[in-house]
Amino acid sequence: HNSVNSTILNLDSVKNFDLTKSLRFNIEIRPAEDTDNDAQSSSAIVSDIEVPLFRREEHKGKIQSICERGNGLYRASDRHCIYWKQLSGVCVKLSAFKDTSKSIPATAWSLDSTWGSYGCYGSEGFPVGSYTTIAIDGAYEDIVSDEIPVEFSEIAFSVRSAHDPVLHLMKLTDFTYEFDGPSDDYSITG
């Protein structure tokens, strides 16, 4: 897990909320410098990974005070809470496989979309991006999305193996990290 400065990612020019903007990047995997560069380890580039920089979420039936406590804006006309969010982290899941198409077989890497996504954040669907809610002052009716100011400082990056036991634990426990079910699932017979 590493944080990458927004200047390196060329995000300093992004000043306002814009749902059309995304972050596109490549991952280069190199063998550790203290290992021999043999058939078991080789460089690889996983390319064209794209994740949206912004999200707008709308939740029905929220209580106004709860909505506002979470930096959302409450739309009283239909009791919806709207959140504007910016990218704060990226996590991708990779799988290694033997590439025998070369004269010297090597380990190759690819994005692993097991469970429907190559992301590895611990929430439903294993999203690639993690987002932070942007605090906005004002009334919903006064907000123009493309005028919401944003500032990126760092974005956390993680690359995980598809065989990572933590990812399997998340999937196995439906993201609860608990193996036992609700108490009413158990009955005592005797």
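Everything below is about the structure shown above.
Residues numbered from 1 in each chain as written. Predicted model: local features only at pLDDT ≥ 70, side-chain atom pairs only at ≥ 80, totals over all residues. Heavy atoms only, no water.

Enquirer: It is not clear to me how the environment of Glu-50 should be interpreted in this structure. Could you clarify?
Expert: With respect to the helices, strands and loops of the structure, Glu-50 is situated in strand β3 (residues 44-52). Between the alpha carbons of Glu-50 and Ser-22 there is a distance of 6.5 Å; along the sequence they are 28 residues apart. Residue contacts for Glu-50: discarding those within four places in its chain leaves Ser-22, Leu-23, Arg-24 and Tyr-118. A polar contact is formed between the side chain of Glu-50 and the side chain of Ser-22, at a distance of 2.5 Å. A distance of 2.5 Å separates polar atoms of two side chains, one belonging to Glu-50 and the other to Arg-24. (Helix = DSSP H or I, 4+ residues; strand = E, 2+ residues; numbered from the N terminus. Contact = heavy atoms within 4.5 Å. Polar contact = N/O pair within 3.5 Å; in protein donor to acceptor, adjacent residues only side chain to side chain.)

Enquirer: What is the right way to read the state of the cysteines from this model?
Expert: Where two cysteines share a covalent bond between their sulfur atoms, that bond is called a disulfide. Scanning all chains against the criterion turns up two disulfides. Covalently, Cys-67 is tied to Cys-81 through a disulfide, its sulfur atoms 1.9 Å apart. Disulfide Cys-67-Cys-81: the torsion about the S-S bond is 85°, which places it as right-handed. Taken together, the residues Cys-67 in helix α1 (residues 64-69) and Cys-81 in strand β6 (residues 80-99) connect sequence positions 14 residues apart. (Disulfide = S-S within 2.5 Å.)

Enquirer: What's the story with helix α2 (residues 165-172) in this structure? I'm lost.
Expert: In an α-helix, one turn spans 3.6 residues; hence positions three or four apart end up facing the same way. One side-chain oxygen of the residue at the start of α2 lies 2.8 Å from the amide nitrogen of Val-166, identifying that residue as Asp-164. Backbone geometry just after α2 places Asp-174 at a positive phi near 55°.

Enquirer: Would you explain the packing of aromatic side chains in this entry?
Expert: When we look at a pair of aromatic rings, we describe it by the centre distance and by the angle of the planes. Going through the model one piece at a time under the given rule, you end up with four aromatic pairs. Their ring planes at 55° and their centres at 5.8 Å tell us that Phe-54 and Phe-152 sit as a pair that is tilted. In this pair, Phe-54 is assigned in strand β4 (residues 54-60) and Phe-152 in the loop between β8 (129-133) and β9 (154-161), connecting sequence segments 98 residues apart. The two residues Phe-54 and Phe-152 agree in class, both being buried. For the pair Trp-115 and Phe-126, a centre-to-centre distance of 5.1 Å together with 25° between the ring planes defines the contact as stacked. Taken together, the residues Trp-115 in the loop between β7 (106-111) and β8 and Phe-126 in the loop between β7 and β8 connect sequence positions eleven residues apart. Pairwise contacts between aromatic rings join Phe-17, Phe-54 and Phe-152 into one cluster. One Lys or Arg, Lys-85, reaches over the ring of Tyr-83 and ends 5.7 Å from the middle of that ring. In this structure, Lys-93 packs its charged tip against the face of Phe-126, placed 5.3 Å from the ring centre. (Phe/Tyr/Trp six-rings, centres within 6.5 Å; stacked < 30°, edge-to-face > 60°. Buried < 20%, exposed > 50% of the residue type's maximum accessible area, 1.4 Å probe, protein only. Lys NZ or Arg CZ within 6 Å of the ring centre and 35° of its normal.)

Enquirer: Looking at this structure, I do not really get the nonpolar core. What am I missing?
Expert: Side chains of nonpolar character tend, in soluble globular proteins, to be buried together. Judged by nonpolar contacts, the single largest core of 30 residues is most densely connected at Leu-23, Leu-87, Val-90, Phe-152 and Ile-155. Among the elements of the structure, β2 (22-29), β3, β6 and β9 are those that each provide at least two residues to this core. Listed in part, the six residues of the second largest apolar core include Cys-91, Leu-167, Met-170 and Phe-175. (Core = buried A, V, L, I, M, F, W, Y, C linked by side-chain atoms within 4.5 Å.)

Enquirer: Quick question: what am I supposed to make of the side chain of Gln-86 here?
Expert: Among the structural elements, Gln-86 can be located in strand β6. The class for Gln-86 is buried, based on a relative accessible area of 13%. Here Glu-151 takes part through its backbone oxygen, which lies 3.0 Å from a polar atom of the side chain of Gln-86. Once residues within four sequence positions are removed from consideration, Gln-86 is found in contact with Leu-53, Phe-54, Ser-130, Tyr-131, Thr-132, Ile-134, Val-150, Glu-151 and Phe-152.

It is worth stressing that arrangement in space is one thing and function is another; only the former is reported here.
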